[in-house]
Amino acid sequence: MTLHVQTDRTLVRTAGRSVRYVLLSFAAPEARHASVRDPINVTFVIDRSGSMGGSKIRLAREAVVQALRMLKATDRFSVIAYDHEVDVLVPSTLAGSEALRNAVSQVEGLQARGNTDLGAGWLQGCEQLATWHQPGQTARCLLLSDGLANHGITSRAELARHAAELRERGITTSTMGLGADFDEHMLEGLSTAGAGHFYYIDAPVQIADCLTGELGEALEVVAHDATVSIQASDGLKVTTLNRFHVQEDGAGRFSVRVGDLVSRQELSLVVRLEFPAGADGRTARAVFGVSDARGALDERNTDILWTFADPPANGTQPRNLVVDRAVAALYAAQAHAEALVLNRAGNFTAAKARLEATRRRIGQYAGDDAALRKIVERLEERDAVYAMPMSAVRSKSEHFQSLNIARMRKADGSARRRSTP
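Report on the accompanying structure. (Residues numbered from 1 in each chain as written. Predicted model: local features only at pLDDT ≥ 70, side-chain atom pairs only at ≥ 80, totals over all residues. Heavy atoms only, no water.)

**What to know about the sheet that holds strand 15 (residues 283–291)**
Turning to step 1, where the next piece is worked out: Judged by pairing direction, the sheet is mixed, and its 6 strands sit side by side in the order 2-16-15-10-13-12 without closing on themselves. Edge positions in the sheet fall to strand 2 (11–13) and strand 12 (246–250), since each of these pairs with one other strand and no more. Within this sheet the neighbouring strands show an average axis-to-axis angle of 30°, counted without direction. (Pairing = 2+ DSSP bridges. Helix = DSSP H or I, 4+ residues; strand = E, 2+ residues; numbered from the N terminus. Axes fitted to C-alpha atoms, helices over the stretch in contact; angles between N-to-C directions.)

**Some details on the packing of aromatic side chains**
Turning to step 1, where the next piece is worked out: Scanning all chains against the criterion turns up 6 aromatic pairs.
Turning to step 2, where the next piece is worked out: Each ring, one from Phe275 and one from Trp306, has its centre 5.2 Å from the other, and the planes form 65°; the classification is edge-to-face. Residue Phe275 is located in the loop between strand 14 (266–274) and strand 15, and its partner Trp306 is located in strand 16 (residues 302–309); the two are separated by 31 residues in the primary sequence. When sorted by exposure, Phe275 lands in the same class as Trp306, which is buried.
Turning to step 3, where the next piece is worked out: Of the aromatic side chains, those joined through ring pairs into one cluster are Phe182, Phe198, Tyr200 and Phe400.
Turning to step 4, where the next piece is worked out: Here Arg361 stacks its cationic end above the ring of Tyr331, 4.3 Å away from the centre of that ring. (Phe/Tyr/Trp six-rings, centres within 6.5 Å; stacked < 30°, edge-to-face > 60°. Buried < 20%, exposed > 50% of the residue type's maximum accessible area, 1.4 Å probe, protein only. Lys NZ or Arg CZ within 6 Å of the ring centre and 35° of its normal.)

**Describing the side chain of Asn242**
Turning to step 1, where the next piece is worked out: In this structure, Asn242 sits in the loop between strand 11 (237–240) and strand 12.
Turning to step 2, where the next piece is worked out: A polar contact is formed between the side chain of Asn242 and the side chain of Thr240, at a distance of 3.1 Å.
Turning to step 3, where the next piece is worked out: Side-chain polar atoms of Asn242 contact the backbone nitrogen of Val270, separated by 2.8 Å.
Turning to step 4, where the next piece is worked out: Residues contacting Asn242, with those up to four places away along its chain left out, are Ser268, Leu269, Val270, Leu330, Ala406, Arg407 and Met408. (Polar contact = N/O pair within 3.5 Å; in protein donor to acceptor, adjacent residues only side chain to side chain. Contact = heavy atoms within 4.5 Å.)

**Things to note about the side chain of Ser263**
Turning to step 1, where the next piece is worked out: Here Ser263 shows up in the loop between strand 13 (253–262) and strand 14.
Turning to step 2, where the next piece is worked out: Judged by relative accessible area, Ser263 falls into the buried class, the value being 2%.
Turning to step 3, where the next piece is worked out: At 2.8 Å, the side chain of Ser263 and the backbone nitrogen of Ala31 are in polar contact.

**Brief notes about the nonpolar core**
Turning to step 1, where the next piece is worked out: Counting 62 residues, the largest nonpolar core has Val22 and Leu273 as its most contacted members.
Turning to step 2, where the next piece is worked out: Excluding anything up to four places from it in sequence, Val22 contacts Val5, Gln6, Thr7, Leu269, Val270, Val271, Leu273, Phe288, Ile304 and Trp306.
Turning to step 3, where the next piece is worked out: Core analysis: the next-biggest nonpolar cluster, separate from the first, contains 39 residues, Met52, Ala99, Cys210 and Leu215 among them. (Core = buried A, V, L, I, M, F, W, Y, C linked by side-chain atoms within 4.5 Å.)

**Here we look at helix 1 (residues 55–68)**
Turning to step 1, where the next piece is worked out: Here helix 1 is 14 residues long and its end C-alpha atoms lie 20 Å apart, about the 20 Å a rise of 1.5 Å per residue gives.
Turning to step 2, where the next piece is worked out: The buried count for helix 1 comes to 10 of 14 residues, which makes it a mostly enclosed element.
Turning to step 3, where the next piece is worked out: Taken together, the buried positions of helix 1 are occupied by Lys56, Ile57, Leu59, Ala60, Arg61, Ala63, Val64, Val65, Ala67 and Leu68.
Turning to step 4, where the next piece is worked out: Next to the buried residues of helix 1 lie strand 4 (40–47), strand 5 (76–82), helix 2 (97–108), strand 7 (138–145), strand 8 (171–178) and helix 6 (207–219). (Expected span 1.5 Å × (residues − 1).)

**Looking at the packing of helix 1 against helix 2**
Turning to step 1, where the next piece is worked out: In contact at an axis separation of 9 Å, helix 1 and helix 2 are set at 170° when each is read in the N-to-C sense. Classified by the angle between their axes, helix 1 and helix 2 sit roughly antiparallel to one another. Along the contact surface, helix 1 presents Arg61, Val64, Val65 and Leu68, while helix 2 presents Leu100, Ala103, Val104, Val107 and Glu108.
Turning to step 2, where the next piece is worked out: Taken together, the residues of the contact of helix 1 with helix 2 break down into 7 nonpolar, no polar and 2 charged. (Parallel < 35°, antiparallel > 145°, perpendicular 65-115°, else oblique. Nonpolar A, V, L, I, M, F, W, Y, C, P; charged D, E, K, R; others polar.)

These results come straight from atomic positions and should not be treated as a statement about function.
Below, the structure written as structure tokens:
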């Protein structure tokens with residue numbers, strides 16, 4: 001693995017408050033042959049509330065059966081179904097042929113009914129994982145829902161807190177929202193706090209591709225709990241534009257946990273640094289590294305130096321277009337996410353203004369660069385959409401796309417991967 005690190009500009013103002021961006025790019029190593037991969041521990045948690053009736057529950061059953069057939073005998077799995085009650089259809093067990101036959105029979109009998117105690121269903125699935133979890137093993141809860149949590153725990157913050165606690169125990173949560181009626185902010189919050197992924201499924205026919213695709217990624221994890229580390233000079237403020245949490249560890253040390261990475265996964269992260277004042281000619285430094293829990297990503301640290309200079313020198317320094325494009329794309333995605341919240345609240349004028357402000361900001365440095373101009377044009381195209389009521393389906397689709405850009409994942413939510421030679 002090679003870590004590439006570059007900044008947008010190398011001079012900062014002596015008066016302070018300069019903001020510079022660093023683009024970090026790297027790819028996870030290729031997995032070993034599937035026949036010798038490490039066993040995984042997975043649970044399928046399926047919403048069977050009344051709204052899942054008809055084709056939804058039928059296609060969900062078929063998707064789980066298809067996913068089960070991807071497992072090896074050394075893998076461990078469980079199946080949970082929930083409405084206002086929770087049933088453990090298959091307690092955690094090894095994926096031997098007899099266990100799989102029993103699981104298929106249980107899943108095929110699943111019927112839609114009742115309300116939605118999402119929290120209890122999800123926590124029961126995680127309990128099945130925790131009972132048999134081994135340190136360093138991939139343990140993933142795959143949660144599918146088409147509705148709102150209206151029984152049991154309904155607080156987004158409380159569910160996210162539980163997900164974060166489970167993450168510290170090595171259990172990750174990926175969520176899949178189906179249709180127009182689920183709470184995307186709750187499911188995204190669960191997956192973000194739980195170090196997993198969030199998917200939007202707008203049509204039931206897509207359930208199988210989504211579920212098996214996410215399981216396929218879990219089967220190819222090569223780097224567990226990957227972390228970007230930053231050691232910065234005194235006074236530097238560090239954040240990221242990718243919707244990952246930055247933890248300050250003290251003495252100028254920061255870390256960004258980006259979760260599990262799959263075979264050949266490409267990831268880019270934009271770090272935002274705000275500088276203090278400094279004497280002309282002095283330098284500030286930040287050192288960047290990448291690691292994971294099992295040593296697959298160990299990489300020699302890479303540093304960048306910035307020099308304090310007067311305003312004329314700052315104003316005429318060259319820009320790095322590669323970094324500018326990444327920064328612009330992430331700010332545009334952030335603007336979309338914030339405008340969606342305003343749109344949903346009925347504040348259409350403010351939603352449009354939020355997009356316009358970002359468009360003007362990017363336009364100031366876009367020049368004649370085609371990629372930057374394209375970002376500006378797309379923001380302008382969205383003005384009319386965000387300036388009026390938006391359907392639930394369109395809102396969820398826009399939210400999903402902005403999240404995928406922020407997390408550097410493909411439009412369908414899957415990992416970006418380096419091409420094989």
